[in-house]
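Letter by letter, the chains look like this.
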Amino acid sequence: MTGTRVLVLNSGSSSLKYQLLDMRDSSRLAAGLVERIGEQTSRLKHTPLAAGGDAREADGPIADHDAALKAVAQELARDGLGLDSPDLAAIGHRVVHGGMFFTEPTVIDDAVIAEIERLIPVAPLHNPANLTGIRTARALRPDLPQVAVFDTAFHTTMPESAARYAIDPRIADRHRIRRYGFHGTSHAYVSRATAELLGKAPEDVNVIVLHLGNGASASAVRGGRCVDTSMGLTPLEGLVMGTRSGDLDPAVIFHLARVGGMSMDEIDTLLNKRSGLFGLCGDNDMREIRRRIDEGDEAAALAFDIYVHRLKKYIGAYYAVLGTVDAVAFTAGVGENAAPVREAAVAGLEGLGLAVDPGRNAVRGDRPRIVSPDAARVAVAVVPTDEELEIATQTYALVGKNT
Ligand code: AMP
């Protein structure tokens, strides 16, 4: 392997996010996003981080992912970072669902693509979009190693007691129903970075990771291995999220269908897109919710309380799963930025050794930091996640091993 650069691609149904990293020092050379692919109003936003200078934006129709990646390649070439460069060592793809089959990052070949395709029934929204990105990138650079990094992989270490639902295993197995978990790349990165923050090896610490973004999930990580996580067959289970309900009695669905007369698709949309913070108060941005609370808005205050109550329940549950806890790590948009959420989530948990120091918790920053008092038994930490760096690191390590 000669090159040291890795291109990370995160391909959605109508978007393509990318970052180009130099793995000699993990620095970011360029980053960007193509939005509304397939529409008349597509937009490419490219930030030439290494070259400096302002972000460049281009509006106008971009027909498909192939055209999107070619437009990205052109922007990179303008910065002297073209995808035909021998400095490019590999392309790393985020793939949402790897089922039970993919427990590690995997070099992509036709058999891997076929297996990701086979998982489409359990990830109907995400895997087809991820596959489009993979096919497009392979067509552009067929000679280059491409690696799939799976959102589910970190959770494949969960014991059966945590991974299985309490339903007939024959039915579960026939339909591949089990708890897979998601955001695994982030949980892996943050649990390791938290151990580093504590000055310990990942094998020596137990961490509860709270990934609180627009999607949100918690995980219990024992000695570097995931033993439980809050998302399940799909990302709908678990915490209250921006637009997803998280946990609810499954009978709510029967009730909405039988008594409410709603179709399955309508219920799916309700629970995934119109619930959570948004469903409760009409806003899914925590900044806006806090602003409304400050103005005395009751719906926003109740949404916040429901969000925090669920979060606290999961902290308690994962404390019990782990037995001893060294750190609780907050990450992603809400976890990294919303001090009131961190404060409220651990309020009253002093008996478990959990507390935040109000002064430390209020300080903003983009470095990993501890926000609990020095004397606290359990560290409460804010650890910014970096999924792109984790995908690039895993990709580069795998390609280096294979050459
Ligand atoms: P993510 O999915 O990790 O990008 O997180 C996005 C969410 O983070 C947004 O919907 C907001 O709710 C939240 N967020 C971002 N910045 C802030 C901030 N400064 N304060 C509070 N919440 C924030």
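Up top is the structure these notes are about.
Keep in mind that what you see is a predicted model, and the values were worked out from it rather than measured.

**Some points on the sheet that holds strand E10 (residues 216-222)**
The mixed open sheet is built from 6 strands, whose spatial order is E11-E10-E9-E12-E14-E13. Edge positions in the sheet fall to strand E11 (225-229) and strand E13 (369-370), since each has one partner strand and no second. One ladder, built from 5 bridges, connects strand E9 (residues 206-212) with strand E12 (residues 327-331); its direction is parallel. Following the sheet pairing, isoleucine 208 is matched in E12 by valine 328.

**Here we look at the site of the ligand**
Taken together, Gly213, Asn214, Asn284, Asp285, Met286, Arg287, Ala332, Gly333, Val334, Asn337, Ala338 and Arg364 make up the full set of residues adjacent to the ligand. At 2.9 Å from an oxygen atom of the ligand is found a main-chain nitrogen or oxygen belonging to asparagine 214. At 3.4 Å from a nitrogen atom of the ligand is found a side-chain nitrogen or oxygen belonging to arginine 287. Protein burial of the ligand: of its 500 Å² of free accessible surface, 70% is covered by the chains.

**Quick notes on the pairing of strand E3 (residues 27-35)**
Judged from the 7 bridges that link them, strand E2 (residues 16-22) and E3 form a sheet pairing that is antiparallel. Along E3, the bridge assignment pairs leucine 21 with arginine 28.

**Let's talk about the packing of helix H1 (residues 65-78) against helix H3 (residues 126-140)**
At a closest axis distance of 9 Å, the pairing of H1 and H3 adopts a crossing angle of 55°. Of the possible angle classes, the one that applies to H1 and H3 is oblique. Crossing handedness for the pair H1 and H3: right-handed. Contacts between H1 and H3 involve His65, Asp66, Leu69, Lys70 and Ala73 on the former and, on the latter, Thr132, Thr136, Ala137 and Leu140.

**Concerning the nonpolar core**
Within soluble globular proteins, side chains that are nonpolar tend to cluster in buried spots. The biggest cluster of nonpolar side chains holds 43 residues, and the ones touching the most others in it are Ile208, Leu210, Leu212, Met286, Tyr307, Val341 and Leu354. Elements with a minimum of two residues in this core: E9, E10, helix H9 (276-281), helix H10 (286-294), helix H11 (298-322), E12, helix H13 (339-346) and strand E14 (379-382). Residue contributions to this core peak at 11 residues, all from H11. Residues contacting valine 341, with those up to four places away along its chain left out, are Leu212, Met286, Phe304, Tyr307, Leu311 and Val334. Core analysis: the second largest hydrophobic core is formed by 31 residues, Val149, Val209, Cys226 and Val383 among them.

**Some points on the sheet that holds E2**
Strand order across the open sheet formed by 8 strands is E5-E4-E3-E2-E1-E6-E8-E7, with mixed pairing between neighbours. Strands at the two margins of the open sheet, each flanked by one partner only, are strand E5 (56-59) and strand E7 (106-107). Two strands pair when backbone bridges link them, and strand E1 (residues 5-11) and E2 are joined in this way by 7 bridges, in the antiparallel orientation. Bridge pairing in E2 places valine 8 opposite glutamine 19. Its contacts with the sheet place H3 against E1, strand E6 (88-95) and strand E8 (146-150), and it is angled at close to 165° to E6.

Reading the values: the criteria
- Residues numbered from 1 in each chain as written.
- Predicted model: local features only at pLDDT ≥ 70, side-chain atom pairs only at ≥ 80, totals over all residues.
- Heavy atoms only, no water.
- Pairing = 2+ DSSP bridges.
- Helix = DSSP H or I, 4+ residues; strand = E, 2+ residues; numbered from the N terminus.
- Near = heavy atom within 4 Å.
- Polar contact = N/O pair within 3.5 Å; in protein donor to acceptor, adjacent residues only side chain to side chain.
- Areas by Shrake-Rupley, 256 points an atom, 1.4 Å probe, with all protein chains shown as cover.
- Axes fitted to C-alpha atoms, helices over the stretch in contact; angles between N-to-C directions.
- Parallel < 35°, antiparallel > 145°, perpendicular 65-115°, else oblique.
- Left-handed = near helix turned anticlockwise from the far one by under 90°.
- Contact = heavy atoms within 4.5 Å.
- Core = buried A, V, L, I, M, F, W, Y, C linked by side-chain atoms within 4.5 Å.
- Buried < 20%, exposed > 50% of the residue type's maximum accessible area, 1.4 Å probe, protein only.

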